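# Breakdown of the fold
Listed here are the chains, written in short residue letters.
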Amino acid sequence: MVQWTDFERQTIQNIFGKMDYDDVGPAALSRCLVVYPWTQRYFGNFGNLYNAAAILGNPNVAAHGKTVLQGLVRAVKNMDDIKATFAELSVLHSEKLRVDPDNFRLLADCLTIVVASRMGSDFTADVQGAFQKFLAVVVSSLCRQYH
Ligand code: HEG
(Lines give C-alpha, C1' and ligand atoms only; values in the text may rest on other atoms or scores of the structure.)
Protein backbone atom coordinates (compact mmCIF):
# COMPACT_ATOMS: atom_id res chain seq x y z
CA MET A 1 0.00 0.00 0.00
CA VAL A 2 1.20 3.50 -0.80
CA GLN A 3 2.08 5.73 2.14
CA TRP A 4 1.36 9.45 1.88
CA THR A 5 2.87 12.17 4.02
CA ASP A 6 0.65 14.99 5.27
CA PHE A 7 2.43 17.32 2.86
CA GLU A 8 1.70 15.02 -0.09
CA ARG A 9 -1.98 14.69 0.82
CA GLN A 10 -2.40 18.42 1.30
CA THR A 11 -0.57 19.21 -1.91
CA ILE A 12 -2.67 16.86 -4.02
CA GLN A 13 -5.90 18.10 -2.47
CA ASN A 14 -4.79 21.68 -2.89
CA ILE A 15 -3.90 21.24 -6.58
CA PHE A 16 -7.21 19.57 -7.41
CA GLY A 17 -9.18 21.94 -5.17
CA LYS A 18 -7.92 25.00 -7.03
CA MET A 19 -7.80 23.48 -10.51
CA ASP A 20 -9.85 24.95 -13.35
CA TYR A 21 -11.01 21.67 -14.87
CA ASP A 22 -12.39 23.28 -18.01
CA ASP A 23 -8.95 24.68 -18.74
CA VAL A 24 -6.54 22.00 -17.51
CA GLY A 25 -8.33 18.87 -18.80
CA PRO A 26 -8.61 19.99 -22.43
CA ALA A 27 -5.10 21.49 -22.35
CA ALA A 28 -3.51 18.27 -21.05
CA LEU A 29 -5.29 15.92 -23.45
CA SER A 30 -4.77 18.13 -26.50
CA ARG A 31 -1.08 18.50 -25.62
CA CYS A 32 -0.77 14.72 -25.45
CA LEU A 33 -2.45 14.32 -28.85
CA VAL A 34 -0.16 16.93 -30.43
CA VAL A 35 3.13 15.89 -28.85
CA TYR A 36 2.53 12.13 -29.16
CA PRO A 37 0.45 11.86 -32.36
CA TRP A 38 0.12 8.06 -32.12
CA THR A 39 -2.21 8.59 -29.18
CA GLN A 40 -4.76 9.96 -31.71
CA ARG A 41 -5.50 6.44 -32.90
CA TYR A 42 -7.79 5.77 -29.93
CA PHE A 43 -9.96 8.77 -30.71
CA GLY A 44 -10.96 7.94 -34.28
CA ASN A 45 -14.58 8.86 -33.51
CA PHE A 46 -13.68 12.33 -32.21
CA GLY A 47 -13.71 14.04 -35.62
CA ASN A 48 -11.02 16.44 -36.85
CA LEU A 49 -7.60 15.89 -35.25
CA TYR A 50 -5.76 16.99 -38.39
CA ASN A 51 -3.35 19.47 -36.79
CA ALA A 52 -2.67 21.25 -33.51
CA ALA A 53 -5.28 23.95 -34.15
CA ALA A 54 -7.93 21.35 -34.97
CA ILE A 55 -7.10 19.36 -31.83
CA LEU A 56 -7.19 22.46 -29.62
CA GLY A 57 -10.57 23.47 -31.07
CA ASN A 58 -12.14 20.00 -31.00
CA PRO A 59 -15.07 19.89 -28.54
CA ASN A 60 -14.81 16.10 -28.14
CA VAL A 61 -11.18 16.45 -27.03
CA ALA A 62 -12.17 19.18 -24.58
CA ALA A 63 -14.98 17.08 -23.14
CA HIS A 64 -12.81 14.01 -22.80
CA GLY A 65 -10.04 16.01 -21.14
CA LYS A 66 -12.55 16.92 -18.43
CA THR A 67 -13.67 13.28 -18.16
CA VAL A 68 -10.07 12.22 -17.50
CA LEU A 69 -9.78 14.81 -14.72
CA GLN A 70 -13.06 13.62 -13.21
CA GLY A 71 -11.48 10.17 -13.11
CA LEU A 72 -8.48 11.63 -11.28
CA VAL A 73 -10.75 13.36 -8.76
CA ARG A 74 -12.05 9.92 -7.80
CA ALA A 75 -8.45 8.93 -7.10
CA VAL A 76 -7.91 12.06 -4.99
CA LYS A 77 -10.97 11.15 -2.93
CA ASN A 78 -9.68 7.60 -2.48
CA MET A 79 -5.96 8.19 -2.11
CA ASP A 80 -5.55 5.17 0.16
CA ASP A 81 -6.95 2.74 -2.38
CA ILE A 82 -6.41 4.07 -5.86
CA LYS A 83 -5.82 0.55 -7.16
CA ALA A 84 -9.33 -0.61 -6.26
CA THR A 85 -10.84 2.72 -7.32
CA PHE A 86 -9.38 2.28 -10.81
CA ALA A 87 -9.94 -1.47 -11.17
CA GLU A 88 -12.82 -1.07 -13.62
CA LEU A 89 -11.12 1.74 -15.50
CA SER A 90 -8.07 -0.48 -15.93
CA VAL A 91 -10.21 -3.28 -17.39
CA LEU A 92 -11.90 -0.79 -19.73
CA HIS A 93 -8.61 0.62 -21.04
CA SER A 94 -6.94 -2.74 -21.48
CA GLU A 95 -9.73 -4.99 -22.70
CA LYS A 96 -12.16 -2.71 -24.47
CA LEU A 97 -10.21 0.37 -25.56
CA ARG A 98 -6.93 -1.56 -25.96
CA VAL A 99 -4.87 1.50 -25.04
CA ASP A 100 -1.12 0.82 -24.98
CA PRO A 101 -0.30 1.39 -21.28
CA ASP A 102 2.85 3.40 -22.12
CA ASN A 103 0.44 6.17 -23.08
CA PHE A 104 -0.84 6.62 -19.50
CA ARG A 105 2.54 7.96 -18.52
CA LEU A 106 2.65 10.30 -21.50
CA LEU A 107 -0.72 11.82 -20.62
CA ALA A 108 0.35 12.10 -16.98
CA ASP A 109 3.48 13.99 -18.06
CA CYS A 110 1.40 16.37 -20.17
CA LEU A 111 -0.84 16.98 -17.18
CA THR A 112 2.21 17.76 -15.03
CA ILE A 113 3.40 20.30 -17.59
CA VAL A 114 0.01 22.01 -17.79
CA VAL A 115 -0.39 22.13 -14.00
CA ALA A 116 3.16 23.53 -13.70
CA SER A 117 2.41 26.21 -16.26
CA ARG A 118 -0.77 27.24 -14.42
CA MET A 119 0.84 27.25 -10.95
CA GLY A 120 3.98 29.13 -11.92
CA SER A 121 6.37 29.61 -8.99
CA ASP A 122 4.00 27.73 -6.64
CA PHE A 123 4.98 24.55 -8.48
CA THR A 124 8.07 23.95 -6.36
CA ALA A 125 10.21 20.81 -6.56
CA ASP A 126 8.42 19.42 -3.47
CA VAL A 127 5.03 20.06 -5.06
CA GLN A 128 6.20 18.42 -8.28
CA GLY A 129 7.43 15.42 -6.31
CA ALA A 130 4.06 14.97 -4.60
CA PHE A 131 2.09 15.46 -7.82
CA GLN A 132 4.22 13.03 -9.80
CA LYS A 133 4.04 10.46 -7.04
CA PHE A 134 0.25 10.70 -7.19
CA LEU A 135 0.28 10.32 -10.98
CA ALA A 136 2.69 7.37 -10.75
CA VAL A 137 0.23 5.59 -8.47
CA VAL A 138 -2.61 6.42 -10.88
CA VAL A 139 -0.63 5.07 -13.85
CA SER A 140 0.36 1.92 -11.98
CA SER A 141 -3.27 1.33 -11.00
CA LEU A 142 -4.46 1.81 -14.57
CA CYS A 143 -1.80 -0.70 -15.68
CA ARG A 144 -2.96 -3.36 -13.23
CA GLN A 145 -5.16 -5.22 -15.70
CA TYR A 146 -2.25 -5.49 -18.14
CA HIS A 147 0.04 -7.35 -15.74
MG1 HEG B 1 -8.93 7.16 -20.73
C2 HEG B 1 -12.27 6.77 -21.44
C3 HEG B 1 -9.75 8.16 -17.52
C4 HEG B 1 -5.63 7.78 -20.04
C5 HEG B 1 -8.14 6.67 -24.04
N6 HEG B 1 -10.66 7.42 -19.71
C7 HEG B 1 -11.94 7.18 -20.16
C8 HEG B 1 -12.88 7.46 -19.11
C9 HEG B 1 -12.17 7.87 -18.02
C10 HEG B 1 -10.78 7.84 -18.39
C11 HEG B 1 -12.72 8.28 -16.64
C12 HEG B 1 -14.40 7.30 -19.21
C13 HEG B 1 -14.71 5.88 -18.82
C14 HEG B 1 -16.16 5.51 -18.95
O15 HEG B 1 -16.83 5.98 -19.88
O16 HEG B 1 -16.62 4.72 -18.11
N17 HEG B 1 -7.89 7.83 -19.10
C18 HEG B 1 -8.41 8.14 -17.85
C19 HEG B 1 -7.33 8.48 -16.96
C20 HEG B 1 -6.17 8.37 -17.68
C21 HEG B 1 -6.53 7.97 -19.02
C22 HEG B 1 -7.50 8.87 -15.50
C23 HEG B 1 -4.74 8.61 -17.27
C24 HEG B 1 -4.30 9.57 -16.56
N25 HEG B 1 -7.21 7.18 -21.82
C26 HEG B 1 -5.96 7.48 -21.37
C27 HEG B 1 -5.01 7.43 -22.44
C28 HEG B 1 -5.71 7.11 -23.58
C29 HEG B 1 -7.10 6.98 -23.19
C30 HEG B 1 -3.52 7.70 -22.29
C31 HEG B 1 -5.24 6.94 -25.00
C32 HEG B 1 -4.10 7.38 -25.46
N33 HEG B 1 -10.00 6.79 -22.43
C34 HEG B 1 -9.48 6.61 -23.70
C35 HEG B 1 -10.55 6.39 -24.63
C36 HEG B 1 -11.75 6.43 -23.88
C37 HEG B 1 -11.38 6.66 -22.51
C38 HEG B 1 -10.39 6.15 -26.13
C39 HEG B 1 -13.17 6.30 -24.43
C40 HEG B 1 -13.55 7.67 -24.93
C41 HEG B 1 -14.90 7.77 -25.57
O42 HEG B 1 -15.16 7.01 -26.49
O43 HEG B 1 -15.67 8.66 -25.17
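Per an unreviewed UniProt entry, the protein chain goes by Hemoglobin subunit epsilon 1 and derives from Hucho hucho. Recorded under Sequence similarities (unreviewed entry), the UniProt text for the protein chain is reproduced unchanged: "Belongs to the globin family."

Between helix α4 (residues 59–77) and helix α8 (residues 125–142), whose axes approach to 11 Å, the crossing angle comes to 105°. When the axis of α4 is compared with that of α8, the two are roughly perpendicular. Residue-level contacts link Leu 72, Ala 75 and Val 76 of α4 to Phe 134, Leu 135 and Val 138 of α8.

Further remarks concern the coordination of the magnesium atom of the ligand. The protein gives the magnesium atom of the ligand a lone donor atom, His 93 (NE2), placed 2.2 Å from the metal. Secondary-structure assignment places His 93 in helix α6 (residues 87–96).

A side chain with one charge can pair with a side chain of the opposite charge if their charged atoms come near. For the structure on display, the rule yields 5 salt bridges. Two residues, Lys 133 and Glu 8, come together in a salt bridge whose shortest N-O distance is 2.9 Å. Taken together, the residues Lys 133 in helix α8 and Glu 8 in helix α1 (residues 6–18) connect sequence positions 125 residues apart. Of the charged contacts in the structure, one is a salt bridge between Asp 22 and Lys 66, with a shortest N-O distance of 3.7 Å. With Asp 22 in helix α2 (residues 21–35) and Lys 66 in helix α4, this residue pair connects regions lying 44 residues apart in the sequence. For Asp 22, a relative accessible area of 53% puts it in the exposed group.

As a further point, take the site of the ligand. Taken together, 16 residues are adjacent to the ligand, and Tyr 42, His 64, His 93, Leu 97 and Asn 103 come closest. Within the side chain of His 64, an N or O atom sits 3.3 Å from a nitrogen atom of the ligand. His 93 is positioned such that a nitrogen or oxygen atom in its side chain is 3.0 Å from a nitrogen atom of the ligand. Where the shell around the ligand is concerned, the elements lending two or more residues are α4, α6 and α7 (102–119). Broken down by element, the residue count for the shell around the ligand peaks at 4 residues, all from α4. Here the residues of the shell around the ligand are counted per class, giving 11 nonpolar, 5 polar and no charged.

Thresholds applied
- Residues numbered from 1 in each chain as written.
- Predicted model: local features only at pLDDT ≥ 70, side-chain atom pairs only at ≥ 80, totals over all residues.
- Heavy atoms only, no water.
- UniProt positions renumbered as here; feature names shortened; annotations may be inferred.
- Axes fitted to C-alpha atoms, helices over the stretch in contact; angles between N-to-C directions.
- Helix = DSSP H or I, 4+ residues; strand = E, 2+ residues; numbered from the N terminus.
- Parallel < 35°, antiparallel > 145°, perpendicular 65-115°, else oblique.
- Contact = heavy atoms within 4.5 Å.
- Donors = N, O, S within 2.8 Å, 3.2 Å for Na, K, Ca; no water.
- Salt bridge = Lys/Arg side-chain N within 4 Å of Asp/Glu carboxyl O.
- Buried < 20%, exposed > 50% of the residue type's maximum accessible area, 1.4 Å probe, protein only.
- Near = heavy atom within 4 Å.
- Polar contact = N/O pair within 3.5 Å; in protein donor to acceptor, adjacent residues only side chain to side chain.
- Nonpolar A, V, L, I, M, F, W, Y, C, P; charged D, E, K, R; others polar.

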